[in-house]
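Remarks on the overall topology
Each chain, written out:
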Amino acid sequence: MIKKLYDWTMSLADHPRAIWVLFFIAFIEASVFPIPPDVLMIPMVLARPTKAWLIALTALAGSVLGGLLGYGIGAFFYEELGRPVLEAMGKADSMEEFRTRFNGVGFWAVLGAGITPFPFKVITIMSGWTAMPLSTFIITSIIARALRFFIVAGLLWKFGAPIREFIERRLGLMFTLFLAILIGGFYLVKFL
């Protein structure tokens, strides 16, 4: 099923209204869809490098607005919609424990999920469920998703197709390492 969704998403890159399709994919990915918008964004930027920044901005806007939908699912429809989505993602066992600790590290959770391959929808739903302050959620989502989409667009704009393999295979790892170093640096400063 995931492979069919991936192939379908990739086929949309050549659609005449691909920018709107990207917005839609980014929107639903932030709340329920399993395929990240990067798989559509990458071929779009490669095909139209002069529109790289517009493409990244479209993915950012769709993702942040979709994140608000995920937040709303968690806040208002957790039992009906949020729990089944999180259970499908394999997160059911640790939901209650996660809830109690989440808001203490909520900024970092949203930032981490927003720039790494971790499913962003899990964090958007959990943010609403745990009643994370909406302003914190929105600001962190904008920062995280802007980093992710504009770095990908910038690398593709600058280096073109040769960087595609790196982005698809290793960029998530690089973002994860960057986040770990950033958090480690804050802990070092705090305890020194």
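Our structure's up above, just so we're on the same page.
To start, this report covers the structure provided alongside it. Treat the numbers as computed from the prediction; the structure is a model and nothing was measured.

With respect to the overall build of the chain
On a plain count of helices and strands, the chain comes out with ten helices and zero strands. In the chain, the succession of helices and strands from N to C terminus is α-α-α-α-α-α-α-α-α-α. Counting over 192 residues, the chain shows a buried share of 44%. Taking all contacts inside the chain whose residues are at least 6 apart in sequence as the whole, residues at least 24 apart take part in 77%.

Observations concerning unusual backbone geometry
Non-glycine residue alanine 131 carries a positive phi angle of around 60 degrees. On the secondary structure map, alanine 131 appears in the loop between helix H8 (120–129) and helix H9 (134–159).

Section: the pattern of salt bridges
Taken as a whole, this structure holds three salt bridges when the rule is applied. A salt bridge links lysine 121 to glutamate 29, with the shortest nitrogen-to-oxygen separation between them at 3.8 Å. With lysine 121 in helix H8 and glutamate 29 in helix H2 (residues 18–29), the pair connects residues that are 92 residues apart, well separated along the chain. Both residues of the pair, lysine 121 and glutamate 29, belong to the buried class. For arginine 145, the salt bridge is made with glutamate 29, and the minimal N-O distance between the two is 2.9 Å. In this pair, arginine 145 sits in helix H9 while glutamate 29 sits in helix H2, placing the two residues 116 residues apart along the sequence. On the basis of relative accessibility, which here comes to 5%, the residue glutamate 29 falls in the buried class. Taken together, the shared-partner salt bridges in this structure form one network comprising Glu29, Lys121 and Arg145.

Let's talk about the packing of helix H4 (residues 52–76) against H9
The description of two packed helices rests on the angle between their axes and on the distance between the axes. Packing of H4 against H9 brings their axes to within 9 Å, and their N-to-C directions diverge by 150 degrees. One finds that H4 runs roughly antiparallel with respect to H9. The interaxial crossing formed by H4 with H9 has right-handed handedness. Across the interface between the two elements, Ala52, Trp53, Ala56, Leu57, Ala59, Leu60, Ser63, Val64, Gly67, Leu68 and Tyr71 from H4 touch Leu134, Phe137, Ile138, Ser141, Ile142, Arg145, Ala146, Phe149, Phe150, Ala153, Gly154 and Trp157 from H9.

A short note on the packing of helix H7 (residues 106–115) against H9
Running from N to C, H7 and H9 cross one another at 25 degrees; their axes reach a closest spacing of 8 Å. Classified by the angle their axes make, H7 and H9 are roughly parallel. Here the hand of the crossing between H7 and H9 comes out right-handed. Only Phe137, Thr140, Ser141, Ile143, Ala144, Arg145, Leu147 and Arg148 of H9 make contact with H7, whose side of the interface consists of Phe107, Val110, Leu111, Ala113, Gly114 and Ile115. Of the residues that constitute the contact of H7 with H9, the class distribution is nine nonpolar, three polar and two charged.

What counts as what
Residues numbered from 1 in each chain as written. Predicted model: local features only at pLDDT ≥ 70, side-chain atom pairs only at ≥ 80, totals over all residues. Heavy atoms only, no water. Helix = DSSP H or I, 4+ residues; strand = E, 2+ residues; numbered from the N terminus. Buried < 20%, exposed > 50% of the residue type's maximum accessible area, 1.4 Å probe, protein only. Contact = heavy atoms within 4.5 Å. Salt bridge = Lys/Arg side-chain N within 4 Å of Asp/Glu carboxyl O. Axes fitted to C-alpha atoms, helices over the stretch in contact; angles between N-to-C directions. Parallel < 35°, antiparallel > 145°, perpendicular 65-115°, else oblique. Left-handed = near helix turned anticlockwise from the far one by under 90°. Nonpolar A, V, L, I, M, F, W, Y, C, P; charged D, E, K, R; others polar.

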